[in-house]
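# Tertiary structure, described
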Amino acid sequence: MRIWLNGELRDADAAKVSVLDHGLTVGDGLFETLKAQDGTVFALTRHLDRLTRSARGLGLPDPDLDEVRRACAAVLEANPMPLGRLRITYTGGVSPLGSERGKTGPTLVVAVGETTRRPDTTAVVTVPWVRNERSALAGLKTTSYAENVVALARAHAAGASEALFANTVGQLCEGTGSNVFVVLDGELHTPPLASGCLAGITRALAVEWTGAKETDLPLDVLERADEVFLTSTLRDVQAVHRIDGRDLSAAPGPVTAKAMRIFDERAGADLDP
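Presented here is an overview of the structure given in this document.

Of the pockets and cavities examined, the largest pocket occupies roughly 1,100 Å³. Of all the secondary structure elements, the ones that give two or more residues to the lining of the largest pocket are β3 (29-37), β5 (83-91), β7 (121-131), α4 (146-157), β9 (172-175), α5 (201-210) and β13 (227-232). With five residues, α4 is the single largest residue contributor to the lining of the largest pocket. When grouped by side-chain class, the residues that make up the lining of the largest pocket number 13 nonpolar, 25 polar and 12 charged. The computed volume of the second largest pocket comes to approximately 250 Å³.

Structure follows, in structure tokens:
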């Protein structure tokens, strides 16, 4: 594997980040995950816009987007594969052993790993921990991901691929790495960004392309929703066939199936929507 690190491609065993990098010591960093098919990434412009927004939210310098684009192209050319998970990581760089940032500047890493297409349906669980919609990190795609690691491990232990969170006021928020949509009386809804959920790229496209409504929803909406689906970079639109102990045996239902079809058609027609 060839990895881009701070301006150049390097072999994986030579792509080394300092043990004093702030992304390692305190989780002071951001990342983007992009889908790459046959060397072409999907929705790159939207991902780079979000990377910049997240950097500003975290107080990091704006990333050099021309360099990021060059890095993505170089990594994909050096590592050909039919379907890949391309990851851009941008951290606070070498810093003191504490919360204060150093002055060496950010670290930029771009890497890709091979992946496979997700199943059409999946199982999810809810977890007792909550998202803090008033956190300084709310809505930012940071490398401070340990909370998601813990929740996803619980989901896997229950035979599910994703865990869903409420926020501090009991509203449905998001998954560890996905956004969630529900169908109520034939209408499609998803939590608003004010819930504390990440402004997912696939979420935004699904809202635009299907006309889904952004609605404050209690967590227990999952107990009565007619259909539920997840969206994310590598899931696209994925139906949910089980939530905790509740089976949605008809998944994907008609609204979800339509959303899946619309997303596939629109995404296939425009790789950088």
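Time to look at the packing of aromatic side chains. Per the stated rule, a full pass over the model turns up four aromatic pairs. Here Phe-42 and Phe-263 contribute two aromatic rings whose centre-to-centre distance is 6.2 Å and whose plane-to-plane angle is 70°, an arrangement assigned as edge-to-face. Taken as a pair, Phe-42 in the loop between β4 (40-41) and α2 (44-58) and Phe-263 in helix α6 (residues 254-269) lie far apart in primary sequence, 221 residues in all. With a centroid separation of 5.3 Å and 50° between ring planes, the pair formed by Trp-209 and Phe-263 is classed as tilted. With Trp-209 in helix α5 and Phe-263 in helix α6, this pair connects stretches of sequence that are 54 residues apart. Both residues of the pair, Trp-209 and Phe-263, count as buried.

Between Ala-251 and Pro-252 the backbone carries a cis peptide bond, its omega angle lying at -5°. Inspection of the secondary structure puts Pro-252 in the loop between β15 (246-247) and α6. One non-glycine residue, Ala-43, lies in positive phi territory at about 60°. By secondary structure assignment, the location of Ala-43 is in the loop between β4 and α2. One non-glycine residue, Asp-185, lies in positive phi territory at about 50°.

Attention shifts here to a nonpolar patch on the surface. On the surface, a cluster of nonpolar side chains totalling about 500 Å² of accessible area is made up of Val-19, Leu-20, Leu-24, Val-94 and Leu-97. Mapping Leu-97 onto the fold places it in the loop between β5 and β6 (107-114). In this structure Leu-97 comes out as exposed when scored by relative accessible area, which is 73%.

A few words now on the sheet that holds strand β1 (residues 2-5). Strand order in this open sheet of six strands is β2-β1-β6-β5-β3-β4, and the pairing throughout is antiparallel. Each end of this open sheet is capped by a strand with a single partner; those strands are β2 (8-11) and β4. Pairing of β5 with β6 involves eight bridges; the strand directions are antiparallel. Bridge pairing in β6 links Arg-87 to Ala-111. Across the face of the sheet, α2 comes into contact with β3, β4 and β5 while running at roughly 175° to β3.

Reading guide: rules and limits
Residues numbered from 1 in each chain as written. Predicted model: local features only at pLDDT ≥ 70, side-chain atom pairs only at ≥ 80, totals over all residues. Heavy atoms only, no water. 1 Å grid on protein atoms, 1.4 Å probe; cavity = no way out; pocket = protein on both sides within 12 Å on 5 of 7 lines; lining within 4 Å. Points joined across faces, edges and corners; volume = space filled by probe spheres on them. Helix = DSSP H or I, 4+ residues; strand = E, 2+ residues; numbered from the N terminus. Nonpolar A, V, L, I, M, F, W, Y, C, P; charged D, E, K, R; others polar. Phe/Tyr/Trp six-rings, centres within 6.5 Å; stacked < 30°, edge-to-face > 60°. Buried < 20%, exposed > 50% of the residue type's maximum accessible area, 1.4 Å probe, protein only. Patch = residues over 30% accessible without salt bridge, like charges linked within 9 Å, V, L, I, M, F, W, Y side chains within 5 Å. Areas by Shrake-Rupley, 256 points an atom, 1.4 Å probe, with all protein chains shown as cover. Salt bridge = Lys/Arg side-chain N within 4 Å of Asp/Glu carboxyl O. Pairing = 2+ DSSP bridges. Contact = heavy atoms within 4.5 Å. Axes fitted to C-alpha atoms, helices over the stretch in contact; angles between N-to-C directions.

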